[in-house]
Amino acid sequence: MTLLDSRLYLPKSWVEDEARCQRARVPEEARQMRSKCTRALELVDAALTHGVRFGYVVVDGGYGKDPGFLRGLASRSLCFVADVHKDQRIWLNDPEPYVPPASGGRGRRASKRRTEAPGQTVAQWARQQSESAWKRITLRQGEKGRLRAEYLHTRVWVWDGKEEQARCWRLLVRRECGAKSPSHYVLSNADEIDVSRLARMQGRRFFIEHAFREAKSDLAMADYQVRRWDAWHRHMALVMIAMLFVVKERLLLKQEAPLLSLADVVMVLEKLLPKPEPTPKQLARLIQERHRRRQAATESCRRRGGEI
């Protein structure tokens, strides 16, 4: 597992502060408020444009809660497996949204769709299911044995109150073996895929989170002190290049060392790559240069009124 691309999310306070954006060298075209879900769709589009092959998109509840984001994936004919929050509203039958007809009296004609069908949340539906409805599924072979979880599965209709028609998707509810309450609620537009495979697809999100942990702990992804747009993107690009190199090395040595980790490869490189020992004069010049830059940064900040 490796990381391929990134987008820097700018909050509203940044986008509306022109002077701050100028100091950080944020390009004009990037000084627009874009939600994280919009940024995520941009990443998906970039991957498609560059011919990256992938079977499905897996996201957490921060993205799965946005119906526009899921519709965007569906409109691109992409299969998604998205965690949603426990208050996600569903219907067990088509709610058949409609625009109320004119009543014949005065006033503005209704334009907002509505439904008479009672809906419920995914958490409410899960609580109504019997213990026998839960199915135990093996997700993968872990270092300590087989990893299993229990699942509920059904088809549901999802409607955000805006679309002309509701969408029929699949609902997956997961709980850890021995647990009393669910840990994940999942929506997917995947068709003709059995429940076991759908559960394993949802479980792949673990490896995405693991890739971020490795990048931060072993490749300095979070260890940056930059104040400019281009510097941040260069740092991320270097991290991803390093990660891709390490992943390729792990694949190359998969047969000889199947347990080889990213941290193992980094440690080997640190021990084997030559490190020139600086002379006392070089160390003194290095310290002086560090102090010069630190002093320049302090004075620059003071001239700007103490703002960063």
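Refer to the structure printed above.
About the thresholds
- Residues numbered from 1 in each chain as written.
- Predicted model: local features only at pLDDT ≥ 70, side-chain atom pairs only at ≥ 80, totals over all residues.
- Heavy atoms only, no water.
- Pairing = 2+ DSSP bridges.
- Helix = DSSP H or I, 4+ residues; strand = E, 2+ residues; numbered from the N terminus.
- Axes fitted to C-alpha atoms, helices over the stretch in contact; angles between N-to-C directions.
- Contact = heavy atoms within 4.5 Å.
- Salt bridge = Lys/Arg side-chain N within 4 Å of Asp/Glu carboxyl O.
- Buried < 20%, exposed > 50% of the residue type's maximum accessible area, 1.4 Å probe, protein only.
- 1 Å grid on protein atoms, 1.4 Å probe; cavity = no way out; pocket = protein on both sides within 12 Å on 5 of 7 lines; lining within 4 Å.
- Points joined across faces, edges and corners; volume = space filled by probe spheres on them.
- Nonpolar A, V, L, I, M, F, W, Y, C, P; charged D, E, K, R; others polar.
- Core = buried A, V, L, I, M, F, W, Y, C linked by side-chain atoms within 4.5 Å.
- Polar contact = N/O pair within 3.5 Å; in protein donor to acceptor, adjacent residues only side chain to side chain.
- Parallel < 35°, antiparallel > 145°, perpendicular 65-115°, else oblique.
- Left-handed = near helix turned anticlockwise from the far one by under 90°.

Caption draft 1: Broad picture of the sheet that holds strand β8 (residues 184–188). Overall, mixed pairing links the six strands, which are arranged β1-β2-β8-β7-β6-β5 in an open sheet. Of all the strands in the sheet, just β1 (57–59) and β5 (135–142) have a single pairing partner and so form its edges. Averaged over neighbouring strand pairs, the angle between their axes works out to 30° when direction is ignored. Both β5 and strand β6 (residues 145–158) contribute to a ladder of seven bridges, which runs antiparallel. Across the sheet, R140 pairs through a bridge with L147, a residue of β6. Packing of helix α5 (residues 67–75) onto the sheet brings it into contact with β1, β2 (80–84) and β7 (167–176), and relative to β2 it is tilted by some 175°. Most of the contacts of helix α8 (residues 205–218) go to β1, to which it runs at about 70°, and overall it touches β1, β2, β5 and β8.

Caption draft 2: Layout of the pattern of salt bridges. Applying the stated criterion across every chain, the model contains 23 salt bridges. The salt bridge involving R34 is made with E42; its shortest N-O contact spans 3.2 Å. Look at E42 and you get partly exposed, because its relative accessible area is 21%. Ionic pairing is found between R234 and D230, a salt bridge with its closest N-O pair at 3.9 Å. You can see R234 and its partner D230 sitting in helix α9 (residues 229–252), four residues apart, about one turn around the helix. Look at the salt bridges and you will find they share partners, linking D5, R7, R34, R39 and E42 into a network.

Caption draft 3: Quick peek at the pairing of β7. β7 sits mainly inside the fold: seven of its 10 residues count as buried. Where β6 meets β7, 10 bridges bridge the pair, whose relative direction is antiparallel. Looking at the pairing, W157 lines up with C168 of β7. In terms of strand pairing, β7 meets β8 through five bridges, oriented antiparallel. Within β8, the position partnered with R170 by the bridge is S188.

Caption draft 4: Fine view of empty space enclosed by the protein. Applying the stated rule across the entire model yields one cavity of 30 Å³ or more. Volume-wise, the largest cavity comes out at about 50 Å³. For the largest cavity, the full set of lining residues is P67, R71, V158, W159, D160, E163, R167 and W169. Among the residues forming the lining of the largest cavity, the class breakdown is four nonpolar, no polar and four charged.

Caption draft 5: Quick peek at the nonpolar core. Ranked by internal contacts, the top residues of the largest apolar core, which has 27 residues, are F69, L73, L171 and V173. Elements with a minimum of two residues in this core: α3 (36–49), β1, α5, β2, α6 (122–127), β6, β7 and β8. Core analysis: the second largest hydrophobic core is formed by 15 residues, L219, M240, V246 and L262 among them.

Caption draft 6: Fine view of the side chain of Q120. Its location among the elements puts Q120 in strand β4 (residues 120–121). Of note is the side chain of Q120, whose polar atom sits 3.2 Å from the side chain of Q128. Those residues in contact with Q120 that lie beyond four places of it in its chain are Q88, R89, I90, L92, W125 and Q128.

Caption draft 7: The packing of α8 against α9, seen in detail. Relative orientation of the contacting elements α8 and α9 amounts to 110°, with a least axis distance of 11 Å. When the interaxial angle is binned, α8 and α9 end up roughly perpendicular. Remark: the crossing between α8 and α9 carries right-handed chirality. Across the interface between the two elements, A211, E214 and A215 from α8 touch V239, M243 and R250 from α9. For the contact of α8 with α9, the residue count by class is four nonpolar, no polar and two charged.

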